[in-house]
Amino acid sequence: MSDVTSSVPTASAPDAPGAAGTIVELFRRRVVQYSDRVALRRNVDGRWEPFTWREYGEAVAAATAGLVQLGVEPGDRVGLLSMNRLDWHVADLGILAAAAVTVPVYPTSAAEQVAYILRDAGARVCFVEDRDQLAKVLEHRDELAALEHVVVFDTTDVDVDRVADPDAFCTSIDALRALGEQRLVREPELPDARADAVAHDALATLVYTSGTTGPPRGAMITHANVMGTVDVITKVVTIGPDDRFLSFLPLSHIAERTVSHFGQIVSGGETWFARSLATLAEDLPQCRPTIFFAVPRVWEKLREAILARVKGERGLAHALGTRYLELGPEAVAEAQGRARMGVMDKVLYDVLDRVVGARIRSGTGLDRARVLVSGAAPIHVELLEWLHGVGLRVGEVYGQTEDCGPTTLNPPDAIRIGTVGPPLPGVDVRIADDGEILVKGPNVCQGYFNDDAATRELIDADGWMHSGDVGHFDDAGYLVVTDRKKDLIITAQGKNIAPREIETRLRYEPLVSQVVVIGEGRPYLTALITLDPDQLVPWARTRGKPLEPEALVWDPDLRAAIDKAVAHVNGELSRPENIRKWRILPHDFTVASGELTPTLKVKRNVVSERYADVIGELYAEPR
């Protein structure tokens, strides 16, 4: 393992993002300002290879010139279909510097979904990661009339001769860069000239929604939206050249792109590319990020890993760890003013936090993190309290693709658990008469590409973006989001039920992975429940039961455990909100099966349609 904490030239504080008109302009400043410092790191055969700002700038310039040589004109759309990697960042900035428009596509998308987005955007060029992603494009090539070139990052198992010619339909990233370098010899001023011509209000990217309720729509995000977003975020969270980011959530989602890509440019710091989501637990301690953004599922897995580590300790270490975890919730309650912690317990907690807590945080790789954020989906209040109890002060952020990621954010030094924070500076938020959250600000997109009707539904005549979410402000001005407007359930008795809170509570129970609450127009609520394989296997092994979820669906002991979990949650809710009947499904929801979006949100309509027979049985059986 190479030494990744070696000394680097002293860096001055970065200038404010508002001083630049586009992210490309800000990037060019960073290349000059931090030339010899490390910008990016990728893992190659177990070694975290550095990539300096100078190398970054040269790679982007070559990609820009290569795209221009391929005929890409200002305003043209260019697809980007790949997992997180260094080439993703280079391609994105190369596209933007060429005054073109980046169209990111989730690498987990099926071939039909890839074709839909590239066709709708009218993409002329598309970057793809490897042979598998290339195959998705080639499968529907006849439907993509505008597509002229595909550029492949990883040419392993791809016919080298086929991608060596930059004029061919399929070419490699190396061939594109070589083409660009040849063009730069003749026109060294080309990248700067193109970048200087990019207007502040020009379209920068089309980010297609994950499509939980219908076909994806391309949110039109301008350079002004990008710069406005990073500007308001950095008024709440200060960042600088000593910050580190770990990129592991899909860059195709605007949140990850804003944090570990645009945020890294703003800070002048480093972004490390995790090898995969599966290696996150190994990559975190090596990167030790200072700013870490994750979805609730990741925080849940982190908690499970900490509990397993403490349980695995022996003797005194186990006793001290257990006592520390017991005191954690009390410490949070005391800090939140909901209870008074005893003096001796407080002293004990403080001592244990400096020893046991510090070791826990170091073991997770989050001991240097000063900003911890959860977003993209609701997180259980008790999970947040538990994380705070072990010194991981996670705050929620709220927003959507259509407003470039964030609307509200819990300030790191003033987190209110159970809320998603106050509106960001310069972002106006109000609650409509029907409870819908409305947003206006520099981060709000220009509407949907090629869809005027949907744009009018999104942004009203007064410029307010309709989020589709329902919520309210607490007495401190922090926003509380209760549910999606379209997901609200009205039972046969006319009761309005917000299913998200029920589902979030149930997901926090042992063995439970995903939950979908059913009840629209029905006499009572039911639920479809999936099992968490990581918890199910040890549960089954200790009881001598089959390890496969399919074999345990009707197991009486498992059903008794789930029944206990449902009863526990029901006891915290009003009677109309109680789950009267439930069914365990034979497998967990996945992105590949089409039941989860790439950001791990359940596609409620897909699940309801796929399990319509099961739902029918739940309401046909006696209560």
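Cut-off values and rules
Residues numbered from 1 in each chain as written. Predicted model: local features only at pLDDT ≥ 70, side-chain atom pairs only at ≥ 80, totals over all residues. Heavy atoms only, no water. Buried < 20%, exposed > 50% of the residue type's maximum accessible area, 1.4 Å probe, protein only. Helix = DSSP H or I, 4+ residues; strand = E, 2+ residues; numbered from the N terminus. Pairing = 2+ DSSP bridges. Right-handed = clockwise from strand over helix to strand, strands pointing away. Salt bridge = Lys/Arg side-chain N within 4 Å of Asp/Glu carboxyl O. Contact = heavy atoms within 4.5 Å. Polar contact = N/O pair within 3.5 Å; in protein donor to acceptor, adjacent residues only side chain to side chain.

*Asks:* Looking at this model, I keep getting lost on the pairing of strand β5 (residues 125–128). Mind explaining?
*Replies:* For a regular strand, side-chain orientation follows a simple rule: the groups alternate between the two sheet faces. What you see with β5 is no split at all: V125 and F127 on one side and C126 and V128 on the other are buried throughout. Pairing geometry for strand β3 (residues 77–81) and β5, over four bridges, is parallel. Paired with G79 across the two strands is C126, which belongs to β5. The pairing of β5 with strand β6 (residues 149–152) spans four bridges and is classified as parallel. Bridge pairing in β6 links V125 to H149. Tracing the backbone out of β5, into helix α5 (residues 131–139) and back to the parallel element β6 gives a crossover that is right-handed.

*Asks:* Whenever I open this one, the pattern of salt bridges confuses me. Can you help?
*Replies:* If charged atoms from side chains of opposite charge come close, those side chains can pair. Taken as a whole and judged by the stated rule, the model has 47 salt bridges. Residue D92 is joined to R257 by a salt bridge in which the shortest nitrogen-to-oxygen separation is 2.9 Å. One end of the pair, D92, is in helix α3 (residues 86–97); the other, R257, is in helix α10 (residues 254–267), with 165 residues separating them in the sequence. By relative accessible area, which is 0% here, D92 ends up buried. Of the charged contacts in the structure, one is a salt bridge between R119 and E143, with a shortest N-O distance of 3.0 Å. In this pair, R119 sits in helix α4 (residues 111–121) while E143 sits in the loop between α5 and β6, placing the two residues 24 residues apart along the sequence. R119 gets classed as partly exposed once you look at its relative accessible area, which sits at 39%. One network of salt bridges, with partners in common, ties together R297, E300, K301, E304, D532 and D534.

*Asks:* Sorry if this is basic, but what is going on with unusual backbone geometry here?
*Replies:* Leaving glycine out, the prevailing phi sign among residues is negative, and the prevailing peptide bond configuration is trans. Phi angles above zero are rare outside glycine, and A99 is one such case at about 65°. Relative to the helices and strands, A99 is located in the loop between α3 and β4 (101–105). Backbone geometry places C404, a non-glycine residue, at a positive phi of 65°.

*Asks:* Teacher, can you tell me more about the pairing of strand β18 (residues 465–473) here?
*Replies:* Strand direction decides the pairing type here: strand β17 (residues 436–440) and β18, joined by three bridges, are antiparallel. Bridge pairing links V439 to M465 in β18. Judged from the five bridges that link them, β18 and strand β19 (residues 479–484) form a sheet pairing that is antiparallel. Paired with H472 across the strands is V480, a residue of β19. Where β18 folds back onto β19 in an antiparallel hairpin, the turn is made up of five residues, including G477, whose phi is positive at roughly 85°.

*Asks:* Would you mind showing me how to read helix α17 (residues 499–507) here?
*Replies:* Think of an α-helix as 3.6 residues a turn; residues three or four steps apart then line up on the same face. Across the nine residues of α17, seven count as buried, placing the element largely inside the fold. Here α17 has its buried residues at P499, R500, I502, E503, T504, L506 and R507.

*Asks:* Explain the environment of R604 to me, please; I cannot follow it from the model alone.
*Replies:* Position of R604 relative to the elements: it lies in helix α21 (residues 604–610). With 88 residues separating them in the primary sequence, R604 and V516 have C-alpha atoms 7.0 Å apart. With residues near it in sequence (within four places) discarded, R604 still touches D487, P499, E503, V516 and V517. A distance of 3.3 Å separates the side chain of R604 from the backbone oxygen of V517, its partner in a polar contact.

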